[in-house]
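Listed below, chain by chain, are the residues.
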Amino acid sequence: MATQSNSAHQEGPAAGRRDFLYVAAGAVGAVGVAGIAWPLINTLNPDASVLALASIEFDISNIAEGESVTIKWRGLPVFIRHRTAAEIEAAKAVPMGDLKDPETDEQRTKPGYEQWLIMIANCTHLGCIPVGEAGEFGGWFCPCHGSDYDTAGRIRKGPAPTNLVLPPYEFVTDTLVQIG
Amino acid sequence: MAHESSYVPGNAVEKWVDERLPIVRFAKEHLVDFPTPKNLNYWWTFGGILAFMLVVQIVTGIILAMHYTPHVAMAFDSVEHIRRDVNGGRIIQAVHAVGASMFFFAVYIHMFRGLYFGSYKAPREILWILGVLLFVLMVTTAFMGYVLPWGQMSFWAATVITNIVAAIPVVGDPILQLLRGGFAVDNATLNRFFSLHYLLPFVIAAVVGLHVWALHIPGNNNPVGVDVKSTRDTVPFHPYYTMKDLFAIVVFCIPFAWFVFFAPDLLGHADNYIMANSQVTPAHIVPEWYFLPFYAILRAIDFNILFIDSKLGGVIFFAGSLLVLFFVPWLDTSKVRSGSFRPVFKWFYWLFIVNFVMLAYLGASAADGNVLGIPVADFSKICTVYYFAYFIVILPLLGRFEVPRPLPPSISESVLKHDAAHAAQATH
């Protein structure tokens, strides 16, 4: 029987070489399986048509002070808020010690454009869209699990771990912003 | 359970088949003659009910897939098309949607029965573990199915639940994009969920096969929890339990049919009749009722635990609430299976049930509201603590300190004593 002759071989002087062949064949097989699995899994990653929408431009001249709009960038909602002077003051007055994810108001905006707050509109907890001008801190309140954000979009209360995420953006002109 | 096969091929053809593929012999041993404890009560019929529900969901699901379109622009309308235009589609769709709820109702009863009567204890650990695995597969399948109608609740459930993986440090975000096929839940997500929603029920069917196999090695547990000792303790599965299960299925179908015919949307949410909109989250999002207890646990962790932030913490507790079930056979240190003979266990068990229902209620409440005058956030924390304490603290300690009541010497004697007690009551 084949199994008998195998075990006989293993006890003989060639056992080391046979073990090596087993391990080598197994390793090559595993690499082969992984090599086939990865392209199959990779098809599930964002495709070219999704990645093509990675950068957009938006004209902000029509957003009056105290108003905000929600636009779409890479399928994600983005808040653009034209903050009032009172909101900026309130955000600047917060001591760093009160913040769960400490960031100054300056770090949340671009220099010279501190009235503009541009953030990805998904709550950093589980991705719901918070409601604007609501909650205890006058910023955003997420209805799903009760996260409260202040007027700089910083997390103040509730299960969300971090401040609302800032997308990469630049002011092309004073009224044109490029996101992505 | 080792027993001699009673199958005798009746003629030359049956003999010819039996020598090549003994499938008739197998069916007779496992579906007809299988020796089953004679004292099984109606809580034991839910296994049969679950098998029936799996068939209902697969059959209605295959038909629905013939009329459904998995595309973000057409999915919502195609479900309405099924409900309004397809012949009998109104009923088929309702059976499938209500069926998910009935399926979960049955699985919760089945699991709570196992927890009360100690059905997870040796030698049935693998049987229990396969059962927990089936529950996890059911949860996954139901979640993906709920996304398919592409209403507001579908979309936001998909967003919130896929976001859970983003809590994993370092690899969370790449995995999230891999899962969604984009930066947000979109057409790619809908398509893959449809594909997986079609696949997973067959995986469930395969694991059910293993579950029944694992059941048929030691045989059924029973309400007194003592082992089968002789043939006096058992009856053949058919006709005794085939008929009992069938009767239970018929009774189970009464509320099922009531929902299907009179209130097909009662268990759903009105918001899901608004087409998915990635720019607006509904004011109050809640999962389907059968996920509420676990949702409440996820939401209860709104504080950082050392270096673990609240989001990851919530996910760890959420996953932990399911994972802990895998370890129950080793966490419960009591040698007595049936809760009927454990005077202290009973109290903690029923408190666990009340606590579980309470978690469901809290999961459905607004995050910033109050229940019984206590803020939802605090109440959820208390209930979450009890959920875990039951498994991790109470079950291990009870086995050491509780004095169980004496067990009957055998199943048959417990049944006879029970009957005698009833007869005595009747004569007085």
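These numbers were taken from a predicted model, which means no experiment stands behind them.

## Looking at the interface of chain A and chain B
A common way to express how large an interface is: the accessible area buried when the components associate. At the interface, 32 residues of chain A touch 31 residues of chain B. Contact between chain A and chain B buries roughly 2500 Å² in total, counting both sides, with carbon and sulfur atoms accounting for 62%. The three residues of chain A that bury the most area against chain B are Leu44, Leu126 and His145 of chain A, which together make up 23% of that side's buried surface. The interface formed by chain A and chain B includes zero salt bridges. Linking chain A to chain B there are six residue pairs in polar contact (both at pLDDT 80 or more). Sorting the residues of the side of chain A that touches chain B by element identifies helix H3 (48–51), strand E2 (68–73) and strand E3 (76–82) of chain A as the ones contributing at least two each. Top contributing element to the side of chain A that touches chain B by residue count: E2 of chain A, with three residues. Considered class by class, the residues forming the side of chain A that touches chain B number 17 nonpolar, 11 polar and four charged.

## Things to note about the domain arrangement of chain A
Along its sequence, chain A is organised into domain 1 (11–42) and domain 2 (50–179). Distance from the C-alpha centre of domain 1 of chain A to the C-alpha centre of domain 2 of chain A: 52 Å.

## Quick notes on the pairing of strand E6 (residues 138–141) of chain A
All names here are of chain A. Bridge count between strand E5 (residues 131–132) and E6: two bridges; the pairing is antiparallel. If you follow Gly132 over to E6, its bridge partner there is Trp140. Taking the residues between adjacent antiparallel strands as the criterion, E5 and E6 are bridged by five residues, where Glu133 takes a positive phi near 50°. Looking at chain direction, E6 and strand E7 (residues 148–150) are connected through three bridges and run antiparallel. Each residue of the ladder has a partner; that of Phe141, found in E7, is Asp148. Between the end of E6 and the start of E7, which pair antiparallel, lie six residues, with Gly146 showing a positive phi angle near 75°.

## Let's talk about the confidence of the model for chain A
Averaged over chain A, the pLDDT score is 86; the fraction of residues at 70 or greater is 92%. The least confident element of chain A, judged by mean pLDDT, is helix H1 (residues 2–11) of chain A at 50; the most confident is helix H2 (residues 15–42) of chain A at 93.

Cut-offs and rules
Residues numbered from 1 in each chain as written. Chains lettered and ligands numbered in written order. Predicted model: local features only at pLDDT ≥ 70, side-chain atom pairs only at ≥ 80, totals over all residues. Heavy atoms only, no water. Contact = heavy atoms within 4.5 Å. Buried area = accessible area lost by both parts, 1.4 Å probe. Salt bridge = Lys/Arg side-chain N within 4 Å of Asp/Glu carboxyl O. Polar contact = N/O pair within 3.5 Å; in protein donor to acceptor, adjacent residues only side chain to side chain. Helix = DSSP H or I, 4+ residues; strand = E, 2+ residues; numbered from the N terminus. Nonpolar A, V, L, I, M, F, W, Y, C, P; charged D, E, K, R; others polar. Domains from an automatic or database assignment. Pairing = 2+ DSSP bridges. pLDDT = per-residue confidence, 0-100.

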